[in-house]
Every structure is written in structure tokens, then in C-alpha cells.
Amino acid sequence: MTNTVILISGRGSNMQAIVNAAIPDVNIAAVLSNSNTAAGLAWAAERGIATGSLNHKEFPSREAFDAAMMEKIDAYRPDLVVLAGFMRILTPAFCAHYEGRLINIHPSLLPSFTGLHTHKRAIEAGCRVAGCTIHFVTAELDCGPIISQGVVPVLDDDTPETLAARVLEAEHKLLPQAVADFAAGRLKTDGNRVANSHRNAAGQILLA
Ligand code: GRF
């Protein structure tokens, strides 16, 4: 059983996609947040999932917040920690502590558009495609070995909002799949590259 802790900062639709996928051998041990008003917390609690939050504003430093968050996470003995819209920059200590078992979803085709406002930047740059990336987390922001990417078109009349909605649909498919692949031991990291033994000869990931 892959004990999984999910971190969120807001509505938690990606967290909901993971929970709703009811992935075999994955136990959602807890959903935690840096804000007790994150809408996703109530959704998880209604489904009997343990929830908790720590307000980062109440800590004197990023290091102090991350140390307290690690303690909270580790109480659930996670095999996997998923950043599902967790809007915090993590300290190197946090990243090192969960190395190889910490994954993030980022709403761009990395390595393009790390950081914020990814959809607006993709439109302004004239990109014809956009998407999302699931990756293992390293200390460098939005870097780390890429597990999978979802691609969507950028339409001529797209706004950041319409593009975000299209990318979000891809996120909701890709993130549960990545959790399933991790839990089934299908991901093997070699440097920056992640091999997925569930891929067919054409490079497509076979759905769980
Ligand atoms: C997603 O677009 C995710 O990629 C980004 O923040 C958003 C979170 O959405 N990091 P939700 O909270 O999962 O609905």
C-alpha cells in the first residue's frame, strides 16, 4: 500500500481527481494545506480523509514552516507526497527529505514557464501548444525529473482563463496516472529522465 499525503493550497481539484480515481494500493493518508480556508480541505474531510493545515504566515521563516510541515506530513509515514497546487516555494531541506517520493504538478510544458502566470505567458509568447508537467521535485523550482506531460492546443481567442481550463482537464488525467505509476513501481529515474515501464513502443503511457 502506498501511503500518500497530498498538499494543497486552494480548491484542490487535482487532489479530488486523485481521490476519485480510487487507485488500487494507494491510501490517501491525509490532505494538508498551508491555509485552513483551502476549499479542498472541506471536500476531503467530508469523505473521511484526515486533513490539517499550518498557516505559513505564523512562522518566522520558510525553514521553520517547512520543518513543521515535515513533522505533520511524517506523522502519516508517507511513501509518496503529492504537491497538488501547493503554492509554496520549498526549502532544500524539505526537498532533500522527500527526495524520490515528492511529485509536483505544474501548469506548463516544462522547462518552459517555470513559476507563476504560466498560461498568460504562454499566450503572450505565441505558443501554439501549452500543457502541464508532472515531475519529481528537486531543490530548484519547477525543475526535476519529468514523469509525464499533457499537451493541449492554444486557440486564437484563448484567454489565460480558457487556456487554464483546457490544461486543467489534462492535469486531472495525468496526475492520478502518475500516482498510479509511482505506486505500481513503474517509474525508474536515471538522472533527469524517468522511464515508465507502462509505456508502449509508441511512447504512450498505458492507462491504469
Ligand atoms: C493547478 O493548475 C496546478 O497545476 C497549479 O495550481 C492549480 C491548482 O488547482 N499548480 P487545484 O487546486 O488542483 O484545483
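Position numbers for residues count from 1 along each chain, tracking the sequence in the order it is written. Only residues with pLDDT of 70 or above have their local features reported here, since the model is predicted, and side-chain atom pairs are shown and tallied only from 80 upward, although totals for entire chains, interfaces and linings are computed over all residues. Side-chain descriptors were evaluated using all non-hydrogen atoms of the structure, hydrogens and water having been removed beforehand.

### Overview of helix H2 (residues 39-46)
If you check which residues of H2 are buried, you get Gly40, Leu41, Trp43 and Ala44. Along the long axis of H2, the arc covered by the buried residues comes to 165°, so they all point the same way. We call two residues in contact when some of their heavy atoms are within 4.5 Å. Note on conventions: DSSP H or I runs of at least 4 residues are helices, E runs of at least 2 residues are strands, and numbering of each starts at the N terminus. Elements in contact with the buried residues of H2: strand E1 (2-8), helix H1 (13-21), strand E2 (26-33) and strand E3 (50-53). Following H2 by one or two positions, Gly48 has its phi on the positive side, about 80°. Summary of the burial criterion: residues with accessible area below 20% of their type's maximum are buried, those above 50% are exposed, and those between are partly exposed, where the area comes from a 1.4 Å probe applied to protein chains only. By definition, the arc is the one covered by directions from the helix axis to the C-beta atoms.

### Here's the deal with the pairing of E2
E2 sits mainly inside the fold: 7 of its 8 residues count as buried. What makes two strands pair is DSSP finding at least two bridges between them. One ladder, built from 7 bridges, connects E1 with E2; its direction is parallel. Bridged to Ile6 within E2 is Val31. In this view, the connection linking E1 to its parallel neighbour E2 by way of H1 has right-handed handedness. Strand direction decides the pairing type here: E2 and E3, joined by 4 bridges, are parallel. When the bridges of E3 are listed, Ala30 appears paired with Ala50. Clockwise travel from the first strand over the helix to the second, with the strands pointing away from the viewer, marks a crossover as right-handed.

### Here we look at the domain arrangement of the chain
The source of the domain bounds is an automatic or database domain assignment. As assigned here, the chain comprises domain 1 (1-98) and domain 2 (105-208). One C-alpha centre belongs to domain 1, the other to domain 2; they are set 20 Å apart. In this complex, domain 1 contributes 20 residues to the contact, which on the side of domain 2 involves 15 residues. With both chains or domains summed, domain 1 and domain 2 bury close to 1400 Å², and 77% of this area falls on carbon and sulfur atoms. We count a salt bridge whenever a side-chain nitrogen from Lys or Arg sits within 4 Å of a carboxyl oxygen from Asp or Glu. Linking domain 1 with domain 2 are 0 salt bridges. Identification of polar contacts relies on pairs of N or O atoms within 3.5 Å, with a donor-acceptor requirement for protein atoms, meaning one able to donate a hydrogen and the other able to accept it, and with residues adjacent in sequence counted only if both atoms are side-chain atoms. Linking domain 1 with domain 2 are 3 residue pairs in polar contact (both at pLDDT 80 or more), by the criterion used here. Among the elements of the structure, H1, strand E4 (80-83) and helix H4 (92-97) are those that each provide at least two residues to the side of domain 1 that touches domain 2. Per-element accounting of the side of domain 1 that touches domain 2 gives the leading share, 5 residues, to H1. Computed with a 1.4 Å rolling probe, the buried area is the accessible surface lost when two parts are put together, summed over both parts.

### So, the pattern of salt bridges
Inspection of the entire model under this criterion finds 5 salt bridges. The partner of Arg47 in a salt bridge is Glu46, and the shortest N-O contact between them spans 3.6 Å. Arg47 sits in the partly exposed class, given a relative accessible area of 43%. Since its relative accessible area comes to 64%, Glu46 is described here as exposed.

### Description of the environment of Ser108
Mapped onto the elements, Ser108 comes out in the loop between strand E5 (102-106) and helix H5 (118-124). Residue Ser108 is classed as buried on the basis of its relative accessible area, which comes to 4%. Ser108 sits 26 residues away from Ile134 along the chain, and the two C-alpha atoms are 9.6 Å apart. Non-local contacts of Ser108, meaning those with residues more than four positions away in its chain, are made with Phe113, Thr118, Gly131, Cys132 and Thr133. A polar atom in the side chain of Ser108 sits 3.0 Å from the backbone oxygen of Phe113.

### Notes on the pairing of E4
Of the two faces of E4, the one lined by Leu80 and Val82 and the one lined by Val81 and Leu83 are each fully buried. At this point the chain moves from E4, through H4, to the parallel E5, and the crossover so formed is right-handed.

### A word on the packing of aromatic side chains
Here is the rule: rings of Phe, Tyr and Trp (six-membered ring for Trp) pair when centre to centre is within 6.5 Å. Planes less than 30 degrees apart are stacked, more than 60 are edge-to-face, and the remainder are tilted. Summed over all chains, the structure comprises 3 aromatic pairs. Aromatic pair Phe94 and Tyr98: ring centres 4.9 Å apart, planes at 55°, arrangement tilted. Tyr98 matches Phe94 in its accessibility class, with the two residues each being buried. Criterion for a charge above a ring: Lys NZ or Arg CZ within 6 Å of the ring centre, and within 35 degrees of the ring normal. Across from the ring centre of Phe65, 5.1 Å away, lies the NZ or CZ of Arg88, which sits over that ring.

### Concerning the side chain of Thr118
By the secondary structure assignment, Thr118 is in helix H5. With relative accessibility at 4%, the residue Thr118 sits in the buried group. If sequence neighbours within four positions are ignored, Thr118 has contacts with His106, Pro107, Ser108 and Phe113.

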